[in-house]
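Topology and contacts: notes
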Amino acid sequence: MPIQTTSKIWHNGNLIPWEQATIHVMSHVVHYGSSVFEGIRCYSQPQGSAVFRLPEHMQRLLDSAKIYRMPLPYTLDELCAAVVDVIEANGVAPCYIRPIALRGYGEIGVSPKGSPMEVYIANFPWGKYMPGGDGADVCISSWNRLAPNTMPALAKAGANYMNSQLIRMEADCNGYAEGIALDVNGLVSEGSGENIFIVRNGVLYTPPLANSALSGITRDSVLTIARHLGLSVSEQAIHRKLLYIADEVFFSGTAAEVSPIRSIDRIVIADGKPGEITRRIADEFFAIANGLKPDRFGWLTPVKVNAQEPVTA
Ligand SMILES: Cc1ncc(COP(=O)(O)O)c(C=O)c1O
């Protein structure tokens, strides 16, 4: 889906016109992938709009920057306020929010010394990410996730998404909606842009972060909701073969939200329909995000924008 432009983008503390949010081709980030970023959703509510888990996302941005020794001259509160400001300035909600911190124009060479940090925050309408509302047909990727001590999988860095692109392009080429990557030891890791969950015999399983998975905010929301619903939850290593014989499999992510998986490598999961536990978790997730149930975990930051109809892809 092409990007739908809005009016303003937040840049280093100021709101600037969308068209002026450009960088030079010789910027460090263009050559060496030196950026960290976030993806956040703002949902429609009966009384307006609200950003989902804003402080957690901006804390992850700060953490990603810290891992990469990127000095960000903004506090968590300032970054959260900037997101609210740009959404309210554009008056666009529901929307997707893309904060990015990058190493800009200064010196050429791998060392980032001399390349200034730039922070931008854009927001724009964005609809459903994962095709197949009733379940996506996905594959196991021939590409592995990042090996430990090569690229830090816990940092949401632009460079990591070269690996994600390989996973996603291979899936596309072979007619699948998405790829599931294994880690370097052959254990299930995550999708190109989603965490993964399976249900077997009533227990909800997801790989631990040590299997090269991003510490997804939606992953944490799913775990919290599941525990609250009284479900048994286990973060443990998952073998590929368990995926095929699971009772339910679903992805979680800000873009993908909670998305059931219908088949993996053309092997149909159970009866091919979204399972009971997936449905209960998804219902609870969307009810909280859309303000139809109380925000009992304190996940919503209200913004003063009257919600429009959600965009559908
Ligand atoms: C590789 C990867 N894993 C997992 C996720 C899910 O994370 P979150 O739920 O915070 O969006 C994302 C999306 O940000 C991702 O890109």
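Let us look at the structure shown here. No experiment lies behind these values; they were computed from the predicted model shown.

1. Considerations on the packing of helix α2 (residues 54-67) against helix α3 (residues 76-90)
Remark: α2 packs on α3, axes separated minimally by 9 Å, with the N-to-C direction vectors making an angle of 120°. With respect to their mutual orientation, α2 and α3 come out oblique. The handedness of the crossing between α2 and α3 is right-handed. Along its contact with α2, which presents L54, P55, M58, Q59, L61 and L62, the element α3 presents L76, L79, C80, V83 and V84.

2. A closer look at the environment of G158
Within the secondary structure, G158 sits in the loop between β8 (136-144) and α4 (161-173). Along the backbone, G158 and V305 are 147 residues apart, and their C-alpha atoms lie at a distance of 30 Å. When neighbours within four sequence positions are excluded, G158 is seen to be in contact with G33, S35 and F37.

3. Let's talk about the nonpolar core
Counting residues in hydrophobic clusters, the biggest one holds 31 residues, and the most contacted among them are M58, I87 and I97. Among the elements of the structure, β4 (40-45), α2, α3, β6 (95-103) and β7 (117-124) are those that each provide at least two residues to this core. Examining the composition of this core, we find that seven residues originate from one element, α3, more than from any other. Within the second largest apolar cluster, 21 residues are counted, among which are F197, L204, F250 and I277.

4. Side note on the packing of aromatic side chains
According to the stated counting rule, one finds ten aromatic pairs in the structure shown. Consider the rings of Y43 and F52, whose centres lie 6.2 Å apart with planes at 80°: the pair is edge-to-face. Assessed through its relative accessible area of 7%, Y43 is described here as buried. On the accessibility criterion, F52 (5% relative accessible area) is buried.

5. Remarks on helix α7 (residues 276-289)
Every α-helical turn comprises 3.6 residues, leaving residues that sit three or four positions apart pointing alike. Counted at 1.5 Å a residue, the expected span for α7 with its 14 residues is 20 Å, and the 20 Å between its end C-alpha atoms agrees. Buried within α7 we find I277, T278, I281, A282, E284, F285, A287, I288 and A289. Once α7 ends, the next one or two residues include G291, with phi positive near 70°.

6. Quick notes on unusual backbone geometry
Cis geometry marks the peptide bond from A93 to P94; its omega dihedral reads 0°. Among the structural elements, P94 can be located in the loop between α3 and β6. The phi angle at N12 is positive, at roughly 45°, despite the residue not being glycine. Within the secondary structure, N12 is located in the loop between β1 (8-11) and β2 (14-17). Looking at N12, the relative accessible area reads 29%, which means it is partly exposed. Positive phi outside glycine occurs at N149, with the angle close to 65°. Within the secondary structure, N149 sits in the loop between β8 and α4. Judged by its relative accessible area of 82%, N149 is exposed.

7. Focus on the pattern of salt bridges
Considering all chains together, one arrives at 15 salt bridges under this definition. Across the salt bridge formed by E38 and R60, the nearest N and O atoms sit 2.8 Å from each other. Note that E38 is positioned in the loop between β3 (35-37) and β4 and R60 in helix α2, a separation of 22 residues in sequence. Neither E38 nor R60 differs from the other in exposure class; each is buried.

8. A look at the site of the ligand
Taken together, 17 residues surround the ligand, and among them K156, Y161, E190, T218 and T254 come closest. Within the contact set of the ligand, a nitrogen atom lies 2.7 Å away from a side-chain nitrogen or oxygen of E190. The separation between an oxygen atom of the ligand and a polar side-chain atom of T254 is 2.7 Å. Among the secondary structure elements, those contributing two or more residues to the shell around the ligand are α2, α5 (217-228) and β14 (248-253). Classifying every residue of the shell around the ligand gives three nonpolar, nine polar and five charged.

9. Section: the state of the cysteines
Taken as a whole and assessed by the stated rule, the structure comprises zero disulfides. Between C42, a cysteine without a disulfide, and C95, which holds the nearest cysteine sulfur, the sulfur-to-sulfur distance is 4.4 Å. Using a relative accessible area of 2% as the deciding quantity, one classes C42 as buried.

The rules behind the values
- All residue numbers refer to positions counted from 1 along the written sequence of the respective chain.
- Given that this is a predicted model, residues contribute local features only at a pLDDT of at least 70 and side-chain atom pairs are listed and counted only at 80 or more, while totals for whole chains, interfaces and linings are drawn from all residues.
- To get the side-chain values, take all heavy atoms of the structure and skip hydrogens and water.
- Think of each axis as a best-fit line through the C-alpha atoms, taken over the contacting stretch in the case of a helix, with angles from 0 to 180 degrees between the N-to-C directions.
- Counting from the N terminus, the helices are DSSP H or I runs at least four residues long and the strands are E runs at least two residues long.
- We call two directions roughly parallel when the angle between them is under 35 degrees, roughly antiparallel when it is over 145, roughly perpendicular when it lies between 65 and 115, and oblique otherwise.
- We call a crossing left-handed when the near helix sits turned anticlockwise from the far one by less than a right angle, and right-handed when that turn is clockwise.
- We call two residues contacting when some pair of their heavy atoms lies within 4.5 Å.
- What we call a nonpolar core is a set of buried Ala, Val, Leu, Ile, Met, Phe, Trp, Tyr and Cys residues that are connected through their side-chain atoms within 4.5 Å.
- Only protein chains enter the accessibility calculation, which uses a 1.4 Å probe; a residue whose area is less than 20% of its type maximum is buried, one above 50% is exposed, and one in between is partly exposed.
- Here the aromatic set is Phe, Tyr and Trp, taking the six-membered ring for Trp, and pairing holds for ring centres within 6.5 Å; pairs whose planes are under 30 degrees apart are stacked, those over 60 apart are edge-to-face, and all others are tilted.
- Helix span, expected: 1.5 Å multiplied by one less than the number of residues in the helix.
- Here, a salt bridge means any Lys or Arg side-chain nitrogen found within 4 Å of an Asp or Glu carboxyl oxygen.
- What makes a residue near a molecule or strand is one non-hydrogen atom of that residue sitting within 4 Å of it.
- Whenever a nitrogen or oxygen atom comes within 3.5 Å of another N or O atom, the pair is scored as a polar contact, on the condition that within protein one atom can donate a hydrogen and the other can accept it, and that pairs from neighbouring residues in sequence are kept only if both atoms are in side chains.
- Following the grouping adopted for this structure description, the nonpolar residues are Ala, Val, Leu, Ile, Met, Phe, Trp, Tyr, Cys and Pro, the charged ones are Asp, Glu, Lys and Arg, and the polar ones are all others, Gly among them.
- Disulfides are defined as cysteine sulfur pairs within 2.5 Å.

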